[in-house]
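Secondary and tertiary structure notes
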Amino acid sequence: MPEKAPWADVFVVGIPRSLLYYRFGVLWTTFFEALGRHVVVSEATDKAIADRGEQLSVDECCLASKVFMGHVDSLVGRCDAVFVPSYPTADHRSGFCTKFQSVTDMVRNTFRDKHLEVISCEVGNVRKMRDVRRPFEEMALRMGVSRADAHKAFKTAWSAQAAHDKACNEAQERVLRQLVAERRSAATQPLKQPPLGILVVAHPYIAHDTYLSGAVLDALRDMGAQVVFADALDHDHTYKKSFEFSDTMPWIINRELIGAILSVEDKVDGIVLISAFPCGPDSMTDDAIMRCIQGKPILNLMIDAQSGTAGVETRVESFVDILRFQQKGGYTHG
Ligand code: SF4
């Protein structure tokens, strides 16, 4: 056991079900479990969590980071320490929003009076396994684990995340194949309504948090649309594809989302952008998407703490009506 292991007594690790949990959560939970720790993931976002996060945050914070604070608060007293990693920008073409660098300090300061133990590590370039492995192994040493066990745990966790990502990508590919097949079938049967494929473009912690975007997804599905998630498509492919759109864009997730649009725009009927107010990266990229992606109807939705999803159903319904009208040849865009 290393001499300095300040987190050796952390046996129950709390993980907020928010922000990058939706991107790296499988790696995180598998890693701690492989180290023999018990993991407690906060419950799905609800109004109480969102309201608490709002109280704990300054107004300028985006809705997503406010919700994150509510999740951390919900873990107080339920674990020995909360895991809040920092993801600073390690590369000018695959960095993160600054929130992901500062979130560890924000949590430590916000919960200082509650004496919340925060364990963390500073992750490098997430596209390079070695850059991710080192900080996780260093953290494990601080938890009193041997380097060999830390190495083994990381390998297990990395593989689990890769398998999860692959399964998510395959699920989206299945929907896309089904859309193509149903379109072909509808083309031969004049009375059959063709399918409606919608690409939902949002950060994973927005797209898959049902409190934040569930109303949008429900409205789309209620109108008979089949949803494809841009964030769940193959990350490596979409990241590389994004360079056809921009050489300079610094944020990896926005890159993947734009690469996903370029990859599948021909296979869907419309695109729905969902952002959390006031997201800096999305305000830039959404504007660029609206201007540059031609020939495909786009609905741009902004979710904030005040209005929540009020009015979303109406906008989604109108959008789907327009798409159906277009399918019948009655509307031309771009
Ligand atoms: S990318 Fe946008 S939504 Fe995500 S944490 Fe940053 S400001 Fe918030």
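Since we're looking at a predicted model, the values are computed, not measured. (Residues numbered from 1 in each chain as written. Predicted model: local features only at pLDDT ≥ 70, side-chain atom pairs only at ≥ 80, totals over all residues. Heavy atoms only, no water.)

What follows is about the site of the ligand. Around the ligand, the surrounding shell consists of C62, A64, C97, K99, F100, H203, Y205, C279, G280 and P281. Classifying every residue of the shell around the ligand gives seven nonpolar, two polar and one charged. Two domains share the shell around the ligand, each providing at least three of its residues, namely domain 1 (12-161) and domain 2 (195-327). (Near = heavy atom within 4 Å. Nonpolar A, V, L, I, M, F, W, Y, C, P; charged D, E, K, R; others polar. Domains from an automatic or database assignment.)

Evaluation of the coordinates by the stated rule reveals 15 salt bridges. The residue D51 makes a salt bridge to K47 at a minimum N-O spacing of 2.7 Å. Separated by four residues within a single helix, D51 and K47 lie in helix α2 (residues 47-56), roughly one turn from each other. A salt bridge links E170 to K166; the shortest N-O distance between them is 3.3 Å. Of this pair, E170 and K166 both sit in helix α6 (residues 147-187), four residues apart, roughly one helical turn. A single network of salt bridges, built from pairs that share partners, joins R133, E137, E138 and R147. (Salt bridge = Lys/Arg side-chain N within 4 Å of Asp/Glu carboxyl O. Helix = DSSP H or I, 4+ residues; strand = E, 2+ residues; numbered from the N terminus.)

Our next topic: the state of the cysteines. Put plainly, two cysteines are in a disulfide when a covalent bond ties their sulfur atoms together. In the structure shown here, the tally under the stated rule is zero disulfides. A disulfide-free cysteine, C61 has its sulfur positioned 6.8 Å from the sulfur of C62, the nearest such atom. Note on C121: no disulfide assigned, nearest cysteine sulfur contributed by C79 at a separation of 16 Å. (Disulfide = S-S within 2.5 Å.)

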